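# Reading the structure
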Amino acid sequence: MGKGARNHGMKESTSKSSSKDQNVYAAWAKDVKECEENYQVKREQGLSDNEVEKRLQTYGKNELEKHEGQSIIRLILDQFNDTLVRILLAAAVISFILAWYDGDEGGEMEITAFVEPLVIFLILIVNAMVGVWQENNAEKALEALKEIQSDQATVIRNGRKIPTLPAKELVPGDIVELRVGDKIPADMRILHLISSTLRIEQGSLTGESEAISKTTKPVSEDCDIQGKKCIVFAGTTVVNGNCVCLVISTGMNTEIGKVHSQIHDASQAEEDTPLKKKLNEFGEVLTMLIGCICVLVWLINLKYFLDWEYIDNWPINFKFSFEKCTYYFEIAVALAVAAIPEGLPAVITTCLALGTRKMAQKNALVRKLPSVETLGCTTVICSDKTGTLTTNQMAVTKLVAMGHRPNTLRLYKVEGTSYDPSDGKIQDWPSGKLDVNLQTIAKIACLANDASIQQSEKGYVSSGMPTEAALKVLVEKMGLPNKLEGRIATLEFDRDRKSMGVIASSSSGKKSLFVKGAVENLLERSSFIQLLDGSKAELDQRAKGVILDSLNEMSRGALRVLGFAFKDDPPEFTSYNGNEDHPAHKLLLNPANYPFIESNLTFSGLVGLRDPPRKEVRQAIEDCRAAGIQVMVITGDNKNTAEAICREIGVFGAGEDITSKSITGKEFMEHRDPKGHLSQKGGLVFSRAEPRHKQEIVRLLKEAGEVVAMTGDGVNDAPALKLADIGIAMGISGTEVAKEASDMVLADDNFSTIVAAVGEGRSIYNNMKAFIRYMISSNIGEVASIFFTAAIGIPEGLIPVQLLWVNLVTDGPPATALGFNPPDKYIMKKPPRRSDDSLINAWILFRYLVIGFYVGIATVGIFIIWFTHSSFLGIDLSEDGHTLVTYSHLSNWDQCYSWHNFTVGPFTAGDRVFNFDSDPCDYFRNGKIKAMTLSLSVLVAIEMFNSLNALSEDESLLTMPPWVNPWLLLAMSVSFGLHFLILYVPFLAKVFGIVPLSLNEWLLVLAVAFPVILIDEVLKLVGRWNSGAESVSKSKHKAE
């Protein structure tokens, strides 16, 4: 396990305490010589083998720590840390013990008894397997982070260059040579630039949209990560130039190591989703209710298994019946099975999975199922700027060319936001042949350029610097000049002169110098300006002022500005053709000569570039505002650029004062009231943000009760993605680290896709609420049925395995189909629901208690009707020949053996004949099979009709008829089909303890079940009246 560089300062080393407790040596604020002295190393010699060994012992290897995850046993046990699961587990264990006991006693229903605990155990095993699989995926972000580390490095040790040293063997003080394309193996201080420039692509770590030029010069000690211009960071890439560096941090003390620690810490702080919390609360309430009802059932039936006599007002001579005690214990178990919606986890998973398919069609790829539901209550979206709100493709937006006279300019607005040359045009562009000035600008933009544009499956993509790619697209839109010179030499860009030049040769052999770069620098080295017709005029102060005014205007608009200049027939290169023996070639070998070569230029024009906002983002921001979702922009880019983009896309109004709403990450961390800053209404922007800033913002928002969605694409975003309620990574530009840390990946990197996903999440939650209420109301009915049975003392009408079948199989298809309810068309016009909003309010609970009460009456009632009536509602029930008994007989059936002359005749059920000549009292045990079948069938039919009630919380079936969701009608057919299957397949009928029903008996079932629709329609009507009255009351209150 790598310890990393525990102390960056060699003179202060020897302590092995945590790096957090030590003063880090600020190598970025020291000059090169001081750094070499501090790390006791010379650039030419490097470290000796002995010194390397010592430092390896002190600092450990240059690798990221492997955090030990939970053991498989611990993960499995954690899956049972859930109230509903524990109740189920207890019910299964007790059922198994009772089944075993019945088997030992020679019970006839032992097969049925064992089916119930085995099915419950199977559910729990599958649930645990899914949970363990999800947990095992949690740390993949850390593994992906390790993949972006460099494997090898070119190191100088003992005065010799080692080209392929394993990067994990690097120690602080090592001298490393970097070249173009190298992945940087550790955090290092630049000692010497071999090339004239060095550019590093570090956007994945810092959030900057372009490759950054590096230098050897020290910077301020308290600067942020973006400001450390003399430091290169582990995991970033060299895109231009060569250099020699000094290793200052390895392992966990590198910036990427800190990100690794932050991801691990964030993963430890992951919370349950709002729905999971509500279900846990529901489970706790359910546990109390089950306990109370079970105790109540036992107390009601205490007289059946415990008896005593009173002498002198004291109870004595207790008589206890173990057989009857276990019977009522089985009823308590049946209550537990009835009260728990066993199918709920499976239905929720199915609904969320279907939701992920819908979201995938909208380019939102969900990695973690619960995040679908969490999206629906998102209150804040913290969005990265580059690539999410913008295209991450630089584009020219303004072109300024010279006019007819020295003091006049021509301004052209350039449309388009991508590298596609056909995306937009140049406004007011002259028709016909380009004038000479525009041709010159096009030549310079094309030739002083190392980028290229290619068309691929994903559209137009660039290779090279984004700004140069944007210039190539501009040239395509302008129209390529007819004749382009060929490049014969390049004057590389450097930070001092801030320009790049090329020597070009025409077909006639005429040489030209084309230069692009910072406008101020080019103006300093220019003597002339080129006019529209190609003629030259002297560059006086007035002309220079006009050009600088245009530059300043574009800079205020957060545009990056490049100027163009040229020189015809540079005297040193008149006869140069690229030959290395030519005297001019020696001038090119020394970058110190470039300012001299690029002097006495003719200025021809300038362009403004930016990473443009996506076209659809402004509308998406408006949709967020309408939906009550706050948008915060958190970016590593500079403040002016961030503010300009935010104004353009509508985060801020055009004239809005944003003094208090736009601050840097550093300013936020030093803010005296950060929570107060975050509580401001409307948009906020944080620029120059580092990983720890993003994490702190997310943490404080969550503490304030917000549900936070965080977007990001870089390594630097991963900790905040992990910490947020919804981490959203970019699919195209995102690093694997960000994707693995996220809950959702955007296939198109588009902010508007997030907004569409939020709408889908809200719709899914509404549908989930519908089927959760449906299943809970069904379970209330089952509990009522068993409670009424126990309370009035009639034989058991529903056994646990039948209840389990109803909860898991029969209720499953309709509950799942409710997930296909059409979305509310105003769903994104409503504010987000609170994450602590109750699934079931007082009125809904009352409604389902009424429905449950009716279910209990119907299932128990039909049981009693079969035993006591030969017909009901004009439906003849005497066809099977069963014997009628009085209600008194039925409610005192346990006293049957004390009745004189009690006889029961045989009856038929399907092709079976039930005879009770040997034991008439068996009529109330095995003879109740037909009455049980009727009870079960009524329960199934009522729950099918109740699923129609769940189509809408308040809308009548007259205004929202069943066919608005054809999947529900199909699901009801499937559920009835499954019920017919267990009724009419003899083996299954025996397992479930039921028999086939006749047509008349089915008519009775439907007649008893149908009123549940009428009852709920009346309750919905009352609910609509209440809602209307509340709305009128609120309107009057506002008017007052």
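Residues numbered from 1 in each chain as written. Predicted model: local features only at pLDDT ≥ 70, side-chain atom pairs only at ≥ 80, totals over all residues. Heavy atoms only, no water.

### Re empty space enclosed by the protein
Applying the stated criterion across every chain yields a total of 4 cavities of 30 Å³ or more. Surrounding the largest cavity, 13 residues form its lining, I786, T789, E796, G797 and L798 being those nearest its centre. Elements supplying a minimum of two residues to the lining of the largest cavity: α27 (751-792) and α30 (842-868). No other element matches α27, which puts 4 residues into the lining of the largest cavity. Across the lining of the largest cavity, the residue classes tally to 7 nonpolar, 5 polar and 1 charged. (1 Å grid on protein atoms, 1.4 Å probe; cavity = no way out; pocket = protein on both sides within 12 Å on 5 of 7 lines; lining within 4 Å. Points joined across faces, edges and corners; volume = space filled by probe spheres on them. Helix = DSSP H or I, 4+ residues; strand = E, 2+ residues; numbered from the N terminus. Nonpolar A, V, L, I, M, F, W, Y, C, P; charged D, E, K, R; others polar.)

### Side note on the environment of F566
Secondary-structure assignment places F566 in strand β23 (residues 560-568). Among residues more than four places away in sequence, those in contact with F566 are T440, I444, L513, F514, Q530, K536, L601, T602 and S604. (Contact = heavy atoms within 4.5 Å.)

### As for the sheet that holds strand β27 (residues 684-687)
Taken in spatial order, the 8 strands of this open sheet run β12-β30-β29-β28-β13-β25-β27-β26, and their pairing is mixed. In this open sheet, the two strands that pair with only one neighbour each are β12 (364-366) and β26 (662-664). Sheet twist, expressed as the mean angle between neighbouring strand axes with direction ignored, is 20°. (Pairing = 2+ DSSP bridges. Axes fitted to C-alpha atoms, helices over the stretch in contact; angles between N-to-C directions.)

### Focus on the side chain of E1017
The topology assignment puts E1017 in helix α36 (residues 1011-1039). K1020 provides the closest opposite charge to the buried, unpaired E1017, separated from it by 4.3 Å. Engagement of the side chain of E1017 in a polar contact is seen with the side chain of S956, the distance being 2.6 Å. (Buried < 20%, exposed > 50% of the residue type's maximum accessible area, 1.4 Å probe, protein only. Lys, Arg positive; Asp, Glu negative; His and termini not counted. Salt bridge = Lys/Arg side-chain N within 4 Å of Asp/Glu carboxyl O. Polar contact = N/O pair within 3.5 Å; in protein donor to acceptor, adjacent residues only side chain to side chain.)

### Notes on the confidence of the model for the chain
Per-chain confidence: the chain averages 81 in pLDDT, with 85% of residues scoring 70 or above. No element of the chain has a lower mean pLDDT than helix α6 (residues 140-147), at 48, and none a higher one than strand β15 (residues 409-413), at 95. In this model residues 1-23 is a low-confidence stretch, pLDDT under 50, and it forms 62 contacts with partners more than four residues away in sequence or in other chains. Under a pLDDT of 50 for its full length, residues 1034-1040 has, in the predicted model, 0 contacts with residues more than four places off or in other chains. (pLDDT = per-residue confidence, 0-100.)

### Thoughts on the pattern of salt bridges
Taken as a whole, this structure holds 27 salt bridges when the rule is applied. The partner of R610 in a salt bridge is E648, and the shortest N-O contact between them spans 2.2 Å. Remark: E648 occurs in helix α21 (residues 639-649) and R610 occurs in strand β24 (residues 601-610); sequence separation between them is 38 residues. You can call E648 partly exposed: its relative accessible area is 35%. By sharing partners, the salt bridges in this structure join K675, E696, R699 and E703 into a single network.

### A closer look at the pairing of strand β3 (residues 175-178)
Residues in a regular strand project their side chains so that they alternate between the two faces of the sheet. Residues I175 and E177 line one face of β3 and the alternating positions V176 and L178 line the opposite face, and both faces are buried. Note: β3 against strand β9 (residues 243-249), 4 bridges, orientation antiparallel. Paired with E177 across the strands is V244, a residue of β9.

### Points about the sheet that holds strand β5 (residues 199-201)
Pairing is antiparallel across the open sheet formed by 3 strands, whose spatial order is β6-β5-β8. Only two strands of the sheet have a single neighbouring strand rather than two, namely β6 (212-213) and β8 (237-240). Bridge count between β5 and β6: 2 bridges; the pairing is antiparallel. Counterpart to I200 in the pairing with β6 is I212.

### Here we look at the nonpolar core
Across soluble globular proteins, nonpolar side chains show a tendency to be buried alongside one another. One finds F751, F867 and F924 to be the most contacted residues of the largest nonpolar core, which totals 130 residues. It is α27 that provides the largest number of residues to this core, a total of 15 residues. Apart from the residues within four sequence positions on either side, F867 is in contact with T883, L884, V885, L890, Y923, F924, K928 and A931. Counting residues in hydrophobic clusters, the runner-up holds 55 residues, among them C230, I663, V715 and A718. (Core = buried A, V, L, I, M, F, W, Y, C linked by side-chain atoms within 4.5 Å.)

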